[in-house]
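What follows is each chain in one-letter form.
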Amino acid sequence: MFRGGAQSGQRRWEVMVKFRTLFCLTLASFAAMVAGYGQTGAAPEIPHLRKQGTATQLIVDGKPFLAMAGELGNNTATSLEYMKAVWPKLVNTRLNSVLAAVSWAQIEQEEGKFDFTVLDGVIRDARVHNMRLVLLWFASWKNGLSTDAPDWVKKDFERFPRTQVVGGRSIELLSPFADANRDADARAFAALMRHVKAVDGREHTVVMVQLENEIGVPDGIRDRSPAARQAYAGPVPKRLMDYLQKNRETLIPELLKVWETAGFKTSGTWEEVFGEGAVVDEIFMSWWFSRYVSRVAEAGKTEYPIPMFVNAWAPGFPKGNQRANGQVGSPMPDAIDIWRAAAPEIDMLAPDIYDYDYASMCAAYNRSGNPLFIPETRGLPPNALGARVLYAFGRHDAIGFSPMGIERPAVPDIELTSAYDVIAQLAPLISEHQGNGTMSAVLLGSKDQPQKVKVGNYTLEVSFLRPRVLPGSPQPAGTLSQRGGNLHRDRARRVLRRGYRSNRHLYSEHAGSTAGRTSHRGGGCFCERPLGSGAPAGRRRYRLAQPGAAETL
């Protein structure tokens, strides 16, 4: 519902939107609502990153590319025959890109002999289905282990040392302190990127590469191999100390606090500079993992310099006397500056967001110039996948979004496909306004406090209003899947398309008893109702006024 009026000399608008259990509001400034959609062409270049205002965009064939993606299971793309049934599922989920693993063990079963047959088939089939690829290089480390290294690496403990824990026991994790481990990985990765350039340097099917996967030492401990103990007892590298001093005013606050607590020393051992305990273990291992990955990335970029990133699932530095979170040395948000100092070849650090607070994790990774790309996630109450998509692109100028195990559901997630439909329709407008402060989003649940968000010259305050259900009134119908399947999904999508095509400055149309969504051209208002929710519908009201005068009805 759109309503205009005047009060106290100010123009105000009210937008009332049906609310289920989750809400994501994406708005562009009124100037954006009437902006053109033209994109200037450019000669095709290899995929690369480009700054626009405060945002970083992925540029593919001369245009910004919003990766509406999904990550396949770890071994799904190892069989071309198995993938034949997967590709149609990906198309039906409205993906424009897919994250697929390429393991070191798969391409270099014998040292120095490479086989890219399966990879070539995946690239070919991605083109057939009009998909882009983000390759996941599973090599030295995957999920805190070295399971994807070739057998000739795994069997040679002397040449390829392992990480050791307290007591000198080795675990199946290649040590980041061993040059032989790093150099073997780098040679294989260079061969991979050289081959990708040869088979895809013109078509640009492969647009990014993830190096390793969820790096770190498991169980909250640091490496205690002889080489690691020697490094820990030695001085903090000059390269890191120079970076900290040069960037002191802009350091991630959590890291700055650790350094400050230890006295802002400009030299010394790791414990002298950063103190004792789990936090210094995190910083120490982050440095050595990132230096290792830096050399691998450098070898690959020498062959084909497309964007490269590293992913992580740890939420941040441990607090108080806690042990380290998850895998020690993971590129967590608090350690962004450590990774940036050690590995400038890495273009971004990307969060795998599962059980952590989604909005907080997005904000933690989208700071200090680090662009947001979400390679792994899932929909959890109160954050359905559709709302997560809209929030990432609308609030944080995300490069891309990718739920894990995208091929596993028997039918596509309607929340995800509908959100991807909306992003695809609005992609030119979203790309135009990324990084300019003229677009934002709100993720709000029933227990959340009101939020204020600035959009261009307007300030919005958004709050939850509980629904009014009169005694004896009928309750809403069941889930979407219980109310007509494809018929209702198709109707919901038509509503979204009509919303996009509308020429009104602010357009709203309900999907009635089907999907419970609304869409606006030039911005958007999206309501999400997770499947299985029987909660009564609610309403949200917003009043938009001049800056400083926004209020909630």
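Attention in this report is confined to the structure presented alongside it. Please read these numbers as outputs of a predicted model, since none were measured by experiment.

Another aspect to go through is the sheet that holds strand S4 (residues 48-52). The antiparallel open sheet is built from three strands, whose spatial order is S4-S5-S6. In this open sheet, the two edge strands, each paired with only one partner strand, are S4 and strand S6 (63-64). Here S4 runs beside strand S5 (residues 55-60); their pairing, made up of five bridges, is antiparallel. Paired with His48 across the bridge in S5 is Ile59.

This part is about the environment of Trp87. Looking at the secondary structure, you find Trp87 in helix H2 (residues 80-92). The buried category is assigned to Trp87, whose relative accessible area is 2%. Along the sequence, Trp87 and Ala126 sit 39 residues apart, while their C-alpha atoms lie 8.1 Å from each other. Residues in contact with Trp87, not counting those within four places in the same chain, are Val98, Val122, Asp125, Ala126, His129 and Met131.

Let us now look at helix H13 (residues 358-365). Those residues of H13 that fall on the buried side of the exposure criterion are Tyr358, Met361, Cys362, Ala364 and Tyr365. Down the axis of H13, the buried set is contained in an arc of 165°. They therefore lie on one face.

Under the defined criterion, the tally for this structure stands at 19 salt bridges. Two residues, Arg132 and Asp61, come together in a salt bridge whose shortest N-O distance is 3.2 Å. On the criterion of sequence distance, the pair formed by Arg132 in strand S9 (residues 132-142) and Asp61 in the loop between S5 and S6 is long-range, its members being 71 residues apart. Residue Asp61 is classed as partly exposed on the basis of its relative accessible area of 27%. Measuring nitrogen to oxygen at the nearest pair gives 3.0 Å for the salt bridge that ties Arg182 to Asp183. Look at Asp183 and you get partly exposed, because its relative accessible area is 28%. By sharing partners, the salt bridges in this structure join Arg127, Asp200 and Glu203 into a single network.

The strand order across the open sheet formed by nine strands is S15-S17-S7-S8-S9-S12-S13-S14-S16, and the pairing between neighbours is parallel. Looking along the sheet, the strands with just one partner apiece sit at the ends: strand S15 (373-374) and strand S16 (376-377). Bridge count for strand S13 (residues 308-312) against strand S14 (residues 348-353) is four bridges, and the pairing is parallel. Bridging from a neighbouring strand, Ala312 pairs with Pro351 of S14. Helix-sheet contacts for helix H6 (residues 179-200) involve strand S8 (97-103), S9, strand S12 (206-213) and S13, and the interaxial angle to S9 is about 165°.

Rules used throughout
- Residues numbered from 1 in each chain as written.
- Predicted model: local features only at pLDDT ≥ 70, side-chain atom pairs only at ≥ 80, totals over all residues.
- Heavy atoms only, no water.
- Pairing = 2+ DSSP bridges.
- Helix = DSSP H or I, 4+ residues; strand = E, 2+ residues; numbered from the N terminus.
- Buried < 20%, exposed > 50% of the residue type's maximum accessible area, 1.4 Å probe, protein only.
- Contact = heavy atoms within 4.5 Å.
- Arc of directions from axis to C-beta.
- Salt bridge = Lys/Arg side-chain N within 4 Å of Asp/Glu carboxyl O.
- Axes fitted to C-alpha atoms, helices over the stretch in contact; angles between N-to-C directions.

This is a description of form; function is not addressed.
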